[in-house]
Structure formats: C-alpha cells, structure tokens
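Below, each chain spelled out in residue letters.
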Amino acid sequence: MQTLRPAADLQTALNVMGFVQADPIRAPARAQDLTLMQRVRGYRAGDLERRYPTLDAEEDMIPNYGFVPRHVQALLHPRVVASTRIEGEHPALLDDVRAVLSERGELHPRELVALLGKRTATTYWGGQGTATTRALDALHYRGEARIVRREGGVRVYGVAPHLSVLRETPLPEHERLRRVIHLLAALYGPLPQASLGYLVSLSGFGLPHLRQELRAAFRHAVRAELNAAKVDGVAYVWAPERDLADVPEARGVRIVNPFDPLVWDRRRFEHLHGWAYRFEAYTPPAKRTMGYYALPVFHGDRAVGWANLKVEGGELHAELGDAPGVRQTATLRRGLDAELNRYRAFLGLGASAAAQT
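Residues numbered from 1 in each chain as written. Predicted model: local features only at pLDDT ≥ 70, side-chain atom pairs only at ≥ 80, totals over all residues. Heavy atoms only, no water.

J.: Any chance you could explain helix H14 (residues 330-347) here in plain terms?
T.: Residues that lie three or four places apart on an α-helix share one face, since the helix turns once every 3.6 residues. Over its 18 residues, H14 extends 26 Å from the first C-alpha to the last, a length consistent with the 26 Å expected when each residue adds 1.5 Å. Of all the positions in H14, only Leu332, Gly335, Leu336, Glu339, Leu340, Tyr343, Arg344, Phe346 and Leu347 are classed as buried. (Helix = DSSP H or I, 4+ residues; strand = E, 2+ residues; numbered from the N terminus. Expected span 1.5 Å × (residues − 1). Buried < 20%, exposed > 50% of the residue type's maximum accessible area, 1.4 Å probe, protein only.)

What follows is the structure in structure tokens.
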C-alpha cells in the first residue's frame, strides 16, 4: 500500500517500496524519478542514476523492469531461462560475451562491439538491434551479470557474484513465491483481486520457470493470507503487513506519473475516482484525448485531472485537463502552483513558468 508519505532518504524509499518501475520516456523526467520525487524529500531528477553505484539497488524484472533492493532480487534468482532469441540467432555469442565479461569485470556495450564486432539481432519489439548488447541483456536476465551503473543513460554491465551465491544456495521456493505475492499486494494494494492476479501473471517474467507455482501461491494467498473486503461489489485485497488505519490523510496537490503505484491499476483508478485515465504515449496523436504523457493530478485523495509537462527554453510548461465534474477553485489553483514549483526544483529550473488549462 503506497502513499506519498516522504521517506527519510532514497535507500529507505527503495526498501519500503521494494520495486520502482522504470521507463525511458522523459516527460518531463523518467518514471522512476517521478515516482521517487514524490517520496523522497529534496529528490532531484537523475538522483537514482547518480547514486545507484552506492545504493543497495539492482535493476531487474518484477513485475516489469525496474529497480529493487537486493533482498527483493533474492526472490527472483536463480532464474531458470529457456533458450532466448539471441541464442537462436547467434548460438556461440553468449559464451563469447561471458568470457569477455569474466575477464574485464565490467563492460560498456560499445566496448563489446569493438572486441567482438558489430552484428545485428532481433529486439524484443521485432526490430533490429546490436547483437552483443542483446547478449548482455540475456546474461543480465539470467542473473549472470548485473548493471553496475549507467553512463549517459546507457547500462554498463558487470559480474554478479551475489547472484552466483544464490544459484548455489537459493531461498526456499515457497518463501520466494509467498514474498513476491505479499510484495505486490503491499506495493499496489488495496486493489481489486483481479488486478493483483494480473500483476502476478506479469511477474511470470521475473520468475519464468515458476509461473504455475506463482499462480498457485496467489490463489493460496487470497484464500488464507491476504486481507480482503468488498467495495461496491468489487473484491479488494491487500497485504496484512500494511495497516489501513495508519494511512496518512492526503493533503495538497500532487502530480504523479502513469506508472506510480497509486495509479498503475486503471481498474481501481476508474472505480475509485469515477473517470478513466489513459496512458497515450503509444496512441496515434490524432486519437489522443489527454496527451502524449498525461500525468494524473490529485487534490487530497481525489484524482481531479491530468497534466502534460514539458521543458522549453529552460521553463516548465503545463497543459492541464480537468476530470468530469471538477471545478477549478482558488485552493486547487494554489495547490497546482505549489506542485509545479516543486517540479521546477526537482528539474533544476528557475521559478517562472507558464501554465494553461
């Protein structure tokens, strides 16, 4: 159960959340930064990338790609992976990359191209990419490599001795599955049972060899472990580790990103707030109703609209949209101004900006 209560520091926020979803789009900053700026006082865009080498943090997959502390990564490995597409296209390449990584200890993708030559391979989306980079990605997914840092947004890979230890002495399977279910229920809940089931299905990418066992663990958790209640006939569930009575009262105006745990589940969003929020970055421009990267706007605990934010000429520009039935008040306007000023500080901009509704 995520709130916008500020954590003492970045590491504490990562530990409390357990998973922060990543996304490469910057509008006006990456999703991981937008999520953390709402939960770490004084957070600035790029702090996670800058501080990553000193944090207890890893890049991994659960239920999507993002950042986890190592105690969460321990739930995902050893990860048993079937033959990947890159192995089918370039059968000997993974062994070559393993050997170079073992020798070097760290590798930037362009170094690998210089050493092994440039070859192409099919990407996850069906396009063409650099084969050696796809091989590094495959080793990372297998737990044979880790991301040690990023240089200009590009992942630099290194050896992963802590994951080698997990391959030798993994956590018990039932503990791994149970803790994954509880992590999802704590991070995204309370949420409809069907939505948690969808998150569990997505987490099959994090635990590919345990998909059936993960579903069975979910069914058991719903029956015997998770708290539950019906709201307007919809079955909601949440982790027993989270006390709903301890949730602080929401105040002021906050602008959150499309992947924030508060809004990730569109089913819950529409049920609780009475209108449908849409993420339209991949929708043809002519068919968009909210904008390329609309960010939900909350006033207290109510979602009252959305904002499209962009930086031009060193200034933050905001295009605002109102949810059905929402009336702009002086209080809401003051809250929006304060939140936009907070975004300017987060982005390292000056105090002036333009906003339009």
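J.: Explain the pairing of strand S7 (residues 146-151) here, please?
T.: Two faces make up the sheet, and in a regular strand the side chains alternate between them. Pairing of S7 with strand S8 (residues 154-158) involves five bridges; the strand directions are antiparallel. By the bridge assignment, Arg150 is partnered in S8 with Arg155. A loop of two residues connects S7 with S8, the two strands running antiparallel in sequence, and Gly152 in this loop sits at a positive phi of about 60°. (Pairing = 2+ DSSP bridges.)

J.: Is there a simple way to think about the sheet that holds strand S9 (residues 191-192) in this case?
T.: Picture the strands of a sheet paired through backbone hydrogen bonds; they go either parallel or antiparallel. In space, the three strands of this open sheet follow the order S9-S11-S10, with antiparallel pairing throughout. Strands with a single pairing partner mark the edges of an open sheet, and in this sheet they are S9 and strand S10 (227-231). Bridge analysis of S9 against strand S11 (residues 234-238) gives two bridges, and the strand direction is antiparallel. Bridging from a neighbouring strand, Leu191 pairs with Val237 of S11.

J.: It is not clear to me how the packing of aromatic side chains should be interpreted in this structure. Could you clarify?
T.: In the structure shown here, the tally under the stated rule is 12 aromatic pairs. With 5.8 Å between their ring centres and 45° between their planes, Phe269 and Tyr277 make a pair best called tilted. Accessibility assignment for this pair places Phe269 and Tyr277 in one class, buried. A network of ring pairs unites the aromatic residues Phe259, Phe279, Tyr282, Tyr292 and Tyr293 as a single cluster. Here the basic side chain of Arg211 rests over the ring of Phe205, its NZ or CZ set 5.0 Å away from the ring centre. (Phe/Tyr/Trp six-rings, centres within 6.5 Å; stacked < 30°, edge-to-face > 60°. Lys NZ or Arg CZ within 6 Å of the ring centre and 35° of its normal.)

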